[in-house]
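# Architecture and fold: a report
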There are 2 protein chains.
Amino acid sequence: MNTNTTMLGYSQLYKKELIENIVPFWTEHSIDKEFGGYYTCLDREGKVFDTDKFAWLQGRQVWTYAMLNNRVEQNEDWVNIAKHGANFLLKNGRDNEGNFYFSFNRAGQPLVQPYNIFSDCFAAMGLGALYKADPVDEYGEVAYNTFQNILKRRNNPKGKYSKIYPGTRDLKNFALPMILCNLSLELEHLLDKQLIDDLAAEVIHEVMETFYDAGSGLILENVHADGSFSDSFEGRVLNPGHAIEAMWFIMDLGVRLNNKALIEKAITIALRTLKFGWDDEHAGIIYFKDIKGHPVQQLEWDQKLWWVHIEALVCMAKAYQLTGNQDCADWFIKLHEYTWPHFRDNQYGEWFGYLNRRGEVLLPLKGGKWKGCFHIPRGLYQVWKTLEVDKLAFV
Amino acid sequence: MNTNTTMLGYSQLYKKELIENIVPFWTEHSIDKEFGGYYTCLDREGKVFDTDKFAWLQGRQVWTYAMLNNRVEQNEDWVNIAKHGANFLLKNGRDNEGNFYFSFNRAGQPLVQPYNIFSDCFAAMGLGALYKADPVDEYGEVAYNTFQNILKRRNNPKGKYSKIYPGTRDLKNFALPMILCNLSLELEHLLDKQLIDDLAAEVIHEVMETFYDAGSGLILENVHADGSFSDSFEGRVLNPGHAIEAMWFIMDLGVRLNNKALIEKAITIALRTLKFGWDDEHAGIIYFKDIKGHPVQQLEWDQKLWWVHIEALVCMAKAYQLTGNQDCADWFIKLHEYTWPHFRDNQYGEWFGYLNRRGEVLLPLKGGKWKGCFHIPRGLYQVWKTLEVDKLAFV
């Protein structure tokens, strides 16, 4: 059996997992029929153990169900589930300036202020996708205005909630340019072509040059405002999963721009990051590492997280499909063989989110404050569709 | 050998560890002779791996060296080391309103704003102890003014840096009343007796009634403003080490007030908390647990931390010395037999701070952003002095 045939088998497995395991789990357990929006704090069996709602996860689940309708098959139930979350966000989500709060109680009253610009990113992403499924003006308008608000806030995303004393060590963080790589493509139908083109050029520069550390060939999480290395806890820390996820966003932009060199560079960085982040002792990808080998501040540094592993699978699937690079196929298989037996819950469905270094379940939850209906379904969809293509793009 | 003789042996061991291992380690490795203050980011061997300075740890190390001089033996070197950190804090520590910044770069320029009132608590504690060793007006004045500032800020300690949306779920946190139990006694020489008496009554009420959960008999970390239970992540989480540490602060207040019932209640809570927090599978005290058994938000929940274990040793030593309760002696020995072989570094001196659930070293550092020259030396001193007394207080 050649590699292409093997990969086609994975495609079918990932499709089945998405449609028969993951989507039914969230459809059954996450809908709050009384107060609107989604429960995301679900225990191993899917039972709600906490009713707080988090803007990131509301927006992301809107996106997931709208995306399923838009890209898998038209399905009114999926659209209605997406609208269920969108309406909660539209009704409760924003302060007077249009910034999205971070979290809410069950009834939708705000609990945590809009200190976190990623709430806005995922709200815009969800509403933008839903507008494709059901072109209600408000979905498109709020997605558009929120995106503009993100661009306006992006040089000072935490605003008055920042605890940093200005001027001593002004760092910028990798997460926002990384998300904008993906968000600009997700909202392409709502934005001017010129804005997308300019933004794409800018975020590609940020991700692939500003945050790229030429010495190590790795992507840094935080750099000085001028792009230089900061020899501090924040400057030294690497988050391999984050960088690997960003590399498939970059590959998507590379495809759109038909820029083969950009794709090749992204794959080189992704392979290097995988090697750097792989745990040779217990397998799996380490959560945080210091580039100089010093102790990190994050006590969870050695844990194995669901999103890191599924995003790495997407990255290697795309890398293989675009180039036929056998290293990428090998890494895909190695990641698959770690990820499925460790994260997938064969008994109660869906996947665990948090494993300890040895790959044992650290928290039995299926969803919480950070894990919702997003990385697993998006990743399964991406792998399915990527490996379904029976010829390689650039080979 | 009776229990008293056994305990006297521990006293000598803890004294030796303090004087021959811990104090020389910090004296040798932590002094920044060029820019003032202390390095606290020390690797396993004691080498500086990061030069940032943290107000908590600066204030705490000032306290430790001043305390050694005040309570162990007069020693000019120790006073000079305390003054070295105090002068750094006095020169660089405060904003225009007298609030202490959270952290600084090596040169003393502020990095993180004064969002954290515990910076002020430990600065006041350190300067207050140093004023006893060397009655320079400025030490006493700044300690006094900072304490008044803490009392002024205590109903809204994060001030403008709070991310909580007011009114939806107003919680108060256990840490500040707990620290005030200890700080009010540490600053007794600077404060009016009436203030101390009133404050002691108030914080004892807060700790032993407001945060005490009658149903479980355990201490909660966060409760509603009216003292009621909040069925939320914050409301459900318990930090056993925190509650156990607080119980020896309460015992100290009980001794001062000659309140035997208060001491007995503190011991009952401490024993119950130890039982609740003990890891029956791998031994040691768990860092965080949900009171309803739900998953917690803290990914580090199952780790074993240095301060938790040394504070529990202090608590059980005091509990035994005050009452002769054999359960407390048994727990002391059980804790000792876990703590010393796992945390103490026989090769390079000092103690590790962070172990994983199995008791393996998670981070090889001897000091960092949160671990400095404080819990281990304070705890060793407290156990030494507590168990040195050859008769029991209330027996």
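See the structure shown above.
Described in the following lines is the structure provided in the data block.

So, how was this worked out
Residues numbered from 1 in each chain as written. Chains lettered and ligands numbered in written order. Predicted model: local features only at pLDDT ≥ 70, side-chain atom pairs only at ≥ 80, totals over all residues. Heavy atoms only, no water. Least-squares fit on C-alpha atoms with pLDDT ≥ 70 in both. Contact = heavy atoms within 4.5 Å. Core = buried A, V, L, I, M, F, W, Y, C linked by side-chain atoms within 4.5 Å. Buried < 20%, exposed > 50% of the residue type's maximum accessible area, 1.4 Å probe, protein only. Pairing = 2+ DSSP bridges. Helix = DSSP H or I, 4+ residues; strand = E, 2+ residues; numbered from the N terminus. Patch = residues over 30% accessible without salt bridge, like charges linked within 9 Å, V, L, I, M, F, W, Y side chains within 5 Å. Areas by Shrake-Rupley, 256 points an atom, 1.4 Å probe, with all protein chains shown as cover. Salt bridge = Lys/Arg side-chain N within 4 Å of Asp/Glu carboxyl O. Lys, Arg positive; Asp, Glu negative; His and termini not counted. Charge placed at Lys NZ, Arg CZ, Asp CG, Glu CD. Polar contact = N/O pair within 3.5 Å; in protein donor to acceptor, adjacent residues only side chain to side chain. Buried area = accessible area lost by both parts, 1.4 Å probe. Expected span 1.5 Å × (residues − 1). Bend = angle between axes of the 7 residues up to and from the residue.

For the rest of this paragraph, the subject is the relation of the copies chain B and chain A. In screw terms, the move from chain B to chain A is a rotation of 180° and a rise of 0.0 Å along the axis, fitting with an RMSD of 0.0 Å. Read as a symmetry element, the transformation amounts to a two-fold axis. In this assembly the copies share their binding face: 100% of the residues contributing to the interface of chain B also contribute to that of chain A.

This part covers the nonpolar core. Within the largest apolar cluster, 281 residues are counted, with the highest numbers of intra-cluster contacts made by A:Met247, A:Met316, A:Phe332, B:Tyr14, B:Met247, B:Met316 and B:Phe332. Once residues within four sequence positions are removed from consideration, B:Met316 is found in contact with B:Ala270, B:Leu271, B:Leu274, B:Cys328, B:Trp331, B:Phe332 and B:Leu335.

With that settled, the discussion passes to the sheet that holds strand β3 (residues 53-54) of chain B. Sheet strands pair by backbone hydrogen bonding; their relative direction is either parallel or antiparallel. All names here are of chain B. Strand order in the open sheet made by the three strands is β3-β4-β5, with antiparallel pairing throughout. Either end of the sheet is taken by a strand with one partner, and the two such strands are β3 and β5 (110-112). Of the pairings in the sheet, the one linking β3 to strand β4 (residues 103-104) comprises two bridges and is antiparallel in character. The residue of β4 that forms the bridge with Lys-53 is Phe-104.

A separate point is a positive patch on the surface. A contiguous patch of positive charge, built from A:Lys158, A:Lys163, B:Lys158 and B:Lys163, is present on the exposed surface. Position of A:Lys163 among the secondary structure elements: in the loop between α5 (137-153) and β6 (171-173). Among the residues examined, A:Lys163 registers a relative accessible area of 33% and is labelled partly exposed.

The next point concerns the environment of A:Trp63. Residue and element names in this part refer to chain A. Structurally, the position occupied by Trp-63 is in helix α2 (residues 55-72). A residue is classified by how much of its surface remains accessible, and Trp-63, at 1% relative accessible area, is buried. In the structure, Trp-63 is positioned 22 residues away from Gly-85 in sequence and 9.5 Å away in space, judged by C-alpha atoms. In contact with Trp-63, other than residues within four places in its own chain, are Arg-71, Met-125, Gly-126, Ala-129, Glu-186, Phe-374 and Arg-378. Engagement of the side chain of Trp-63 in a polar contact is seen with the side chain of Glu-186, the distance being 2.8 Å.

The next subject is unusual backbone geometry. Notably, A:Glu350 is not glycine yet its phi reads approximately 55°, a positive angle. Position of A:Glu350 among the secondary structure elements: in the loop between α12 (326-343) and β13 (354-355). One non-glycine residue, B:Ala283, lies in positive phi territory at about 70°. By the secondary structure assignment, B:Ala283 is in the loop between α10 (260-277) and β11 (289-290).

This brings us to the interface of chain B and chain A. Each partner contributes to the interface: chain B provides 44 residues, whereas chain A provides 44 residues. Buried area between chain B and chain A, both sides added, is near 3800 Å², and the carbon and sulfur share of it is 60%. At the surface where chain B touches chain A, the tally comes to six salt bridges. Between B:Arg236 and A:Asp50 there is a salt bridge; the shortest N-O distance is 2.9 Å.

Another point: helix α1 (residues 3-29) of chain A. Residues and elements named next belong to chain A. Between its terminal C-alpha atoms α1 stretches 38 Å, which fits the 39 Å expected from 27 residues at 1.5 Å a residue. A maximum bend of about 35° is found in α1 at Leu-18. Looking at α1, one finds that the buried residues are Met-7, Tyr-10, Ser-11, Tyr-14, Glu-17, Leu-18, Asn-21, Ile-22, Val-23, Phe-25, Trp-26 and His-29.

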